[in-house]
Amino acid sequence: MYWYAMKSHDIRHNLATEQYLMNNKKFDEPLVLFYYEGPCIIVGRNQNTLEEINQKYVEENDITVTRRLSGGGAVYQDLGNLCFSFVVDSDSEEFGDFKSFVQPIVDALHAMGAKTAEVSGRNDILVDGKKFSGNAMYSHSGKTFSHGTLMLDVDQNVIAHTLNVPEDKMKSKGIKSVRSRVTNLKPYLAPEYQNLTVPEFRDTLLKELFHVDSLDAIADKEVQIADSEKAAIDKIFNEYYANWDWVYGNSPEFTVKKRQHFTAGTIDARLLVDNGKIENIKFYGDFFGPSDATELADQLKGVRYDREHVGAVLNSVNTQLYFNGIDTKDVLDLLVD
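Definitions and cut-offs
- Position numbers for residues count from 1 along each chain, tracking the sequence in the order it is written.
- With pLDDT at 70 or above as the cut-off, local features in this predicted model cover only qualifying residues; side-chain atom pairs require 80 or more to be listed or tallied, and sums for whole chains, interfaces and linings still use all residues.
- Excluding hydrogens and water, the side-chain figures rest on all heavy atoms present in the structure.
- The helix count covers DSSP runs of H or I at least four residues long, the strand count covers runs of E at least two residues long, and both are numbered beginning at the N terminus.
- Relative accessible area decides the class of each residue, using a 1.4 Å probe on protein chains only: under 20% of the type maximum gives buried, over 50% gives exposed, and in between gives partly exposed.
- We call two residues contacting when some pair of their heavy atoms lies within 4.5 Å.
- Surface accessibility follows the Shrake-Rupley procedure with a 1.4 Å probe radius. Residue values consider only the protein chains on display as shielding.
- What makes two strands pair is DSSP finding at least two bridges between them.
- Only the contacting stretch of a helix is used when fitting its axis, a line to C-alpha atoms as for every element, and angles between N-to-C directions run 0 to 180 degrees.
- Classification remark: right-handed applies to a crossover when, strands pointing away from the viewer, the course from the first strand over the helix to the second runs clockwise.
- Each domain's extent is set by a domain assignment, obtained either automatically or from a database.
- Buried area, as used here, totals the accessible surface that two parts lose on assembly, with accessibility defined by a 1.4 Å probe and the loss added over both.
- In what follows, salt bridge is the name for a side-chain nitrogen of Lys or Arg lying within 4 Å of a carboxyl oxygen of Asp or Glu.
- Throughout this description, the term nonpolar core refers to a set of buried Ala, Val, Leu, Ile, Met, Phe, Trp, Tyr and Cys residues connected via side-chain atoms within 4.5 Å.
- A pair of Phe, Tyr and Trp rings is counted when the ring centres sit within 6.5 Å of each other, with Trp represented by its six-membered ring. The angle between the planes then sorts it: under 30 degrees is stacked, over 60 is edge-to-face, the rest tilted.
- Put simply, a charge is over a ring when the Lys NZ or the Arg CZ is close to the ring centre, within 6 Å, and near the line of the ring normal, within 35 degrees.

Q: Can you explain the overall build of the protein? Please cite residues and give values.
A: For the protein, the helix and strand inventory stands at 11 helices and 14 strands. Each of the 337 residues in the protein was classed as buried or not, and the buried ones make up 52%. In the protein, the proportion of contacts linking residues at least 24 apart, taken out of those at least 6 apart, comes to 70%. As displayed, the protein has an accessible area near 15,700 Å², and 46% of this comes from carbon and sulfur atoms.

What follows is the structure in structure tokens.
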């Protein structure tokens, strides 16, 4: 088995590296990758991004959002989480057989004291019945990768904010995440492992996977990435993981209902969003204004459905013409929060 520990802490760059290594490197043995990154949300390939995230919280807290190639649900990660990925020939493992892929990780965790860690359900790893790892899989051109999370010491308070979207406000054709009871792995490790940093945790796992006492013993198995290859990885980064059209525009069509009562009247907005842009919007309610609100609706059609772009339209017009007595910011908050 070969291995590579990614240097970047940007999830988009790490996913681009994973994709490049899978599609462009030839290996005569499986490859294991490890990476960890700053606060981010990664949605599954078939999900509606806006349906999965608390957009206002994400923007206010500078949390990176991207979409991965593999299916499954949305996950939050920060520097307390370690990701792993196994890359193999497609004919060496059956697609969807997560247990075979993750069992080496589970065995390593057993050796580190997490004796109750077990593969459960379709694609989770649990400890004492609580989830600390979710996994997903992707195949392309004769190769398969199975990647997953390991919540060592993630800020669980942030998870509750980032992945909290009221279900009654949005209906989508996207694949929705299933919320599970989650926990950090750290308290379940043996005492001598509970103070490990994420890099130390990664290195310990590597030594357990390779059954060696030092990484020097497997230095010849470490993958090297040339400068010319880094340029190719940057290209994937820009085309996919940092590309709005891939992250948001690839979302299935969905409808949104936003209703709020203000002192000056009630606004009930109904939106149809497709490929991340407002395809249609209608305003209902008992609000007052000298102009017909359909004029504003027409200006919002085709606009990206996010705070920046909807806000730009609202700030370019006199919203008092449509919603007299209701502040422009309140209208914006209603539409996109």
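Additional details are given in the paragraphs that follow.
Q: So what's going on with the sheet that holds strand β3 (residues 40-43)? Residues and values would help.
A: Taken in spatial order, the 3 strands line up as β4-β3-β5 in an open sheet, and their pairing is mixed. What marks the edges here is a single partner per strand, and that holds for β4 (64-67) and β5 (75-77). Put simply, the sheet's adjacent strands are angled 20° from each other on average, direction ignored. Where β3 lies against β5, 3 bridges are found, and the strand directions are antiparallel. Along β5, the bridge assignment pairs isoleucine 42 with valine 75.

Q: Describe the pairing of strand β1 (residues 2-5), naming the residues involved and giving the relevant values.
A: Both faces of β1 are covered, namely the face carrying Tyr2 and Tyr4 and the face carrying Trp3 and Ala5. Where β1 meets strand β2 (residues 31-35), 4 bridges bridge the pair, whose relative direction is parallel. If you follow tyrosine 4 over to β2, its bridge partner there is leucine 33. Read as a crossover between parallel neighbours, the route from β1 over helix α1 (residues 11-24) to β2 is right-handed.

Q: Help me get a handle on the domain arrangement of the protein, residues and values and all.
A: The domains assigned to the protein are domain 1 (2-248) and domain 2 (256-336). On a C-alpha basis, the centres of domain 1 and domain 2 stand 38 Å from each other. At the junction of the two partners, domain 1 supplies 7 residues and domain 2 supplies 11 residues. Of the roughly 880 Å² buried between domain 1 and domain 2 on both sides combined, carbon and sulfur atoms contribute 56%. Put simply, domain 1 and domain 2 have 0 salt bridges between them.

Q: How would you sum up the environment of alanine 264? Please name residues and give values.
A: In this structure, alanine 264 sits in the loop between β12 (254-262) and β13 (265-274). Judged by its relative accessible area of 24%, alanine 264 falls in the partly exposed class. C-alpha separation for the pair alanine 264 and threonine 319, spaced 55 residues apart in sequence, amounts to 13 Å. Once residues within four sequence positions are removed from consideration, alanine 264 is found in contact with Phe287, Phe288, Asn324, Gly325 and Ile326.

Q: So what's going on with the nonpolar core? Residues and values would help.
A: Judged by nonpolar contacts, the single largest core of 113 residues is most densely connected at Leu109, Phe201, Phe283, Tyr305, Val310, Phe323 and Leu335. Among the elements that take part in this core, helix α4 (residues 98-111) stands out by supplying 7 residues, more than any other. Two domains share this core, each providing at least three of its residues, namely domain 1 (2-248) and domain 2 (256-336). Discounting residues that sit within four places of it in the chain, phenylalanine 201 has contacts with Leu82, Leu109, Met112, Leu150, Leu152, Leu185, Leu189 and Leu196.

Q: An account of the packing of aromatic side chains is requested, with residue identities and associated values reported.
A: Taken as a whole and judged by the stated rule, the model has 9 aromatic pairs. Ring centres of tryptophan 244 and tyrosine 248 lie 6.2 Å apart, and the angle between their planes is 20°; this geometry places the pair in the stacked category. By relative accessible area, which is 18% here, tyrosine 248 ends up buried. Residues phenylalanine 283 and phenylalanine 323 carry aromatic rings whose centres are separated by 5.2 Å and whose planes lie at 70° to one another, so their mutual orientation is edge-to-face. One end of the pair, phenylalanine 283, is in strand β14 (residues 277-285); the other, phenylalanine 323, is in the loop between α10 (307-315) and α11 (328-336), and 40 residues separate them in sequence. For the pair formed by phenylalanine 283 and phenylalanine 323, the shared burial category is buried. Of the aromatic side chains, those joined through ring pairs into one cluster are Tyr240, Tyr241 and Trp246. In this arrangement the basic side chain of lysine 221 is found over the ring face of tyrosine 2, its NZ or CZ atom lying 4.8 Å from the centre.

Q: Run through unusual backbone geometry, naming residues and quoting values.
A: Notably, histidine 211 is not glycine yet its phi reads approximately 60°, a positive angle. With respect to the helices and strands, the residue histidine 211 is situated in the loop between α6 (198-210) and α7 (227-241). Judged by its relative accessible area of 71%, histidine 211 is exposed. If you check the backbone angles, asparagine 275 has positive phi at about 55° while not being a glycine. Assignment of secondary structure puts asparagine 275 in the loop between β13 and β14. Residue class for asparagine 275 comes out partly exposed when judged on its relative accessible area of 43%.

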